[in-house]
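Residue-level structural notes
Given next are the chains, with one letter for each unit.
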Amino acid sequence: MFAKVSSLGLFGLNAFHVDVEIDISRGNPQFDIVGLPDAVVRESRDRIRAALRACSINFPVAAVMVNLAPADTKKSGSVHDMAIFMAVLKAMRMIDTETDGCAFIGEISLNGDIRRINGVLPMVMLAREEGVRAVFVPAENAAEASVIDGIEIYGVRNANELISHFRGQEPIKPSERYIPPETAYTDTLDFADVRGQQFAKKALEIAAAGGHNALLIGAPGSGKSMLAKRMPSILPALTFDEALETTKIHSISGLLTPETPIITTRPFRSPHHTISAAGLAGGGSIPHPGEVSLAHNGVLFLDELAEFDRRTLEILRQPLEDRKVTIARSSGTVTYPCTIMLIGAMNPCPCGYYGNPKRKCTCTPNKVAAYLSKISGPLLDRFDLHIEVAPVEFDDLSAKTAEESSANIRKRVVAARQLQTERFRGTPITCNALITADKLQGFCPMDDDALLLIKGVFDRLGLSARAYDRILKVARTIADLDGSEVIRKNHIAAAVQYRSLDRKYWAG
Ligand SMILES: Nc1ncnc2c1ncn2[C@@H]1O[C@H](COP(=O)(O)OP(=O)(O)O)[C@@H](O)[C@H]1O
Ligand SMILES: [Mg+2]
């Protein structure tokens, strides 16, 4: 007796369709699964036998052969359990209902419970594209699956529920579409808490407005971490497509919950400096996304940047340029997107007071140099904005005046982003930081004075081509915040001012 049931699989972020074919025939009792299953898939035999027993159904005393097609794609994990279970029941004629147009994904446990799985969102998105009518998912994944419009989602709690549904005894109700709540930034961290520091705040506003990378450098206690942690409060909202892209990565990493089935605010990831290269950039034998991809469409904050392993940081260089991480394995190549703003924070030396106007640094010049050299030239080059955070002034700390709120700053950021959205319509570019070299001239028109100034700076400072590009992009954002389509001299001057640290600290 033959039966066929649809399932879905996942490799990296790419979902694919799987046909579970089963044949039950007379012969020596056995249960085989073929079609490049990994060890976890092969073990589903034991889970299915036990789950059937839990439903008071005896496993057939016959030769049972399951094929997972396409046979040349590796299948991994427990995601096909529910489909194999259904296929067994259909081949045994315990269920006669048609299951055409349905797909099944979910792990089954020994007592018949259906357990949550990772990666439901990209699989359901593929199912909809392929015209699947209904997907049966673990009940715990139902909210995540219901984010997708135009496909029926059934959340299944256990094997008995599935059987009564298809026997028409007690139909499972399809899930209602999950509509994410209006995105509101609810965290309590606000720039109004930071006294003074106008220079640093302005720089972070520019970073948020153009999607630029920024490096904060200053003495311990000057407020670097405090400033960086307030970035999410001034970032523009995610578009729905961006939200889905980011959610997919969190979905395959198993980070979604029924309460937050979709990521609706820009991620802010701040991994500890002891993180491994694979943890930061992605990797592992089944390649998983790293922090840089979990931060996709948001911020990756590396606090105490100089404490990170130097090689780990260097691995970030390529992904920062390409906006994606590619991981090669014998089983194939996986690509994860990572369009991020990188915010770094560091002390200028081991004691923290090198270059400080008020306190003497106790480090030897060699020690300072060794400390700074943890950040290589090419990595430093990738920070569009260098922000020197001076110790807060006593007058600022004790002032009675209120500081500007994040909500206010965010209004200017959003207005500047709107100009960018108009400018880049019809291109894949979403913000100034992402302008490609070939489009730079067209999108960054300068008046004569601005041109003269940047030429002078280029010659005088011996800028690299990358530094020049980045200054121009930052000037573009400063002009946008100023509501000016043409980049003027003062915009260039301000942008150059944010590239001063390499000369002050790294020059010697
Ligand atoms: N400008 C400021 N306004 C208000 N409090 C500040 C300011 N700068 C620093 N602080 C206080 O000092 C603490 C230490 O700041 P932190 O951000 O951890 O410094 P850093 O990361 O530069 O070492 C903060 O938690 C905050 O209480
Ligand atoms: Mg800190």
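Conventions we followed
- Residues numbered from 1 in each chain as written.
- Chains lettered and ligands numbered in written order.
- Predicted model: local features only at pLDDT ≥ 70, side-chain atom pairs only at ≥ 80, totals over all residues.
- Helix = DSSP H or I, 4+ residues; strand = E, 2+ residues; numbered from the N terminus.
- Buried ≥ 20, exposed ≤ 12 C-beta atoms within 10 Å, placed from the backbone.
- Contact = placed C-beta atoms within 7 Å.
- Domains from an automatic or database assignment.
- Nonpolar A, V, L, I, M, F, W, Y, C, P; charged D, E, K, R; others polar.
- Pairing = 2+ DSSP bridges.
- Axes fitted to C-alpha atoms, helices over the stretch in contact; angles between N-to-C directions.
- Near = placed C-beta within 6 Å.
- Core = buried A, V, L, I, M, F, W, Y, C linked by C-beta atoms within 7 Å.
- Parallel < 35°, antiparallel > 145°, perpendicular 65-115°, else oblique.
- Left-handed = near helix turned anticlockwise from the far one by under 90°.
- Expected span 1.5 Å × (residues − 1).

**Describing the overall build of the protein**
Scanning the protein from terminus to terminus reveals 22 helices and 18 strands. The 508 residues of the protein split such that 42% are buried. Taking contacts inside the protein between residues at least 6 apart in sequence as the whole, the part at least 24 apart equals 74%.

**What about the domain arrangement of the protein?**
Looking at the protein, the domain boundaries give domain 1 (2-166) and domain 2 (191-506). Domain 1 puts 15 residues into the contact, and the matching count from domain 2 is 17 residues. When residues in the side of domain 1 that touches domain 2 are grouped by element, the largest group, 3 residues, is from helix 4 (residues 120-129). Taken together, the residues that form the side of domain 1 that touches domain 2 break down as 8 nonpolar, 4 polar and 3 charged.

**Details of unusual backbone geometry**
The amide bond that connects Ala69 to the next residue, Pro70, takes the cis arrangement and shows omega of 0°. One non-glycine residue, Leu36, adopts positive backbone phi at about 50°. Given 15 C-beta atoms within 10 Å, Leu36 falls into the partly exposed group. In this structure, Arg93 takes a positive phi of about 60° despite not being glycine.

**Describing the sheet that holds strand 14 (residues 299-303)**
Strand order in the open sheet made by the 5 strands is 11-14-17-10-18, with parallel pairing throughout. Either end of the sheet is taken by a strand with one partner, and the two such strands are strand 11 (268-269) and strand 18 (385-389). For strand 14 and strand 17 (residues 341-346), the ladder comprises 5 bridges, and the chain directions are parallel. In the sheet register, Phe301 faces strand 17, and the bridge partner there is Ile343. Each of strand 10 (214-218), strand 17 and strand 18 touches helix 7 (residues 198-210); the most contacted strand, strand 18, lies at about 155° to it.

**A few points about the site of ligand 1**
Within the structure, ligand 1 sits among 13 residues, and Arg195, Gly223, Lys224, Ser225 and Met226 are positioned closest to it. Considering every element that reaches the shell around ligand 1, the biggest residue donor is helix 8 (residues 224-228), with 3 residues. Taken together, the residues of the shell around ligand 1 break down into 4 nonpolar, 7 polar and 2 charged.

**Describing the nonpolar core**
One broad trend across soluble globular proteins is that nonpolar side chains are buried collectively. Within the largest apolar cluster, 136 residues are counted, with the highest numbers of intra-cluster contacts made by Phe85, Ala87, Ile105, Val135, Ala214 and Leu216. Of all the elements, helix 3 (residues 81-91) adds the most residues to this core, at 9 residues. The residues that make up this core include at least three from each of domain 1 (2-166) and domain 2 (191-506). The residues touching Leu216, leaving out its near neighbours within four places in the chain, are Ala200, Lys224, Leu227, Ala228, Gly344, Ala345, Ile387 and Val389.

**So, the packing of helix 20 (residues 465-481) against helix 21 (residues 489-497)**
One way to put it is that helix 20 packs onto helix 21 with a least axis distance of 8 Å and a crossing angle of 125°. By the criterion of interaxial angle, the relationship of helix 20 to helix 21 is oblique. You can see that helix 20 and helix 21 cross each other, and the crossing is right-handed. Contacts between helix 20 and helix 21 involve Ile471, Val474, Ala475, Ile478 and Ala479 from the former and His491, Ile492, Ala494, Ala495 and Val496 from the latter. Its residues placed into classes, the contact of helix 20 with helix 21 shows 9 nonpolar, 1 polar and no charged.

**Overview of the environment of Glu161**
Relative to the assigned elements, Glu161 resides in helix 6 (residues 159-166). In this structure the C-alpha to C-alpha distance between Glu161 and Glu129, which are 32 residues apart in sequence, comes to 27 Å. Residue contacts for Glu161: discarding those within four places in its chain leaves Val156 and Ile172.

**Brief notes about the packing of helix 17 (residues 406-423) against helix 20**
At their nearest, the axes of helix 17 and helix 20 sit 9 Å apart, and the two run at 115° to each other. With respect to helix 20, the element helix 17 is oriented roughly perpendicular. Note that helix 17 runs across helix 20; the crossing there is right-handed. Only Thr477, Asp480 and Leu481 of helix 20 make contact with helix 17, whose side of the interface consists of Arg412, Ala416, Leu419 and Gln420. By residue class, the composition of the contact of helix 17 with helix 20 is 3 nonpolar, 2 polar and 2 charged.

**Focus: the pairing of strand 9 (residues 152-156)**
Within strand 9, 4 of the 5 residues are buried, which leaves it mostly tucked inside the rest of the structure. Pairing between strand 8 (residues 134-138) and strand 9: 5 bridges, direction parallel. Each bridged residue has a counterpart across the sheet, and for Val135 the counterpart in strand 9 is Ile153.

**Brief notes about helix 7**
In a regular helix each residue adds 1.5 Å, so 13 residues correspond to 18 Å; helix 7 covers 18 Å between its end C-alpha atoms and thus fits that length. Within helix 7, 10 of the 13 residues are buried, which leaves it mostly tucked inside the rest of the structure. Where the residues of helix 7 are buried, they touch strand 10, helix 8, strand 17, strand 18, helix 17 and helix 20. Just past helix 7, the residue Gly211 takes up positive phi, approximately 75°.

**Description of the environment of Ser484**
Of note, Ser484 is situated in the loop between helix 20 and helix 21. Taking the C-beta count within 10 Å as the criterion, Ser484 has 14 such neighbours and is therefore assigned partly exposed. Sequence-wise, Ser484 and Ala209 are 275 residues apart; in three dimensions their C-alpha atoms are separated by 14 Å.

**Considering the environment of Val156**
For Val156, the position within the fold is in strand 9. Looking at Val156, the number of C-beta atoms within 10 Å reads 24, which means it is buried. Residues Val156 and Arg115 lie 41 residues apart in sequence; the distance between their C-alpha atoms is 9.1 Å. Not counting residues up to four positions away in its chain, the partners in contact with Val156 are Gly106, Ile114, Phe136, Val137, Pro138, Ala139, Glu161, Leu162 and Ile172.

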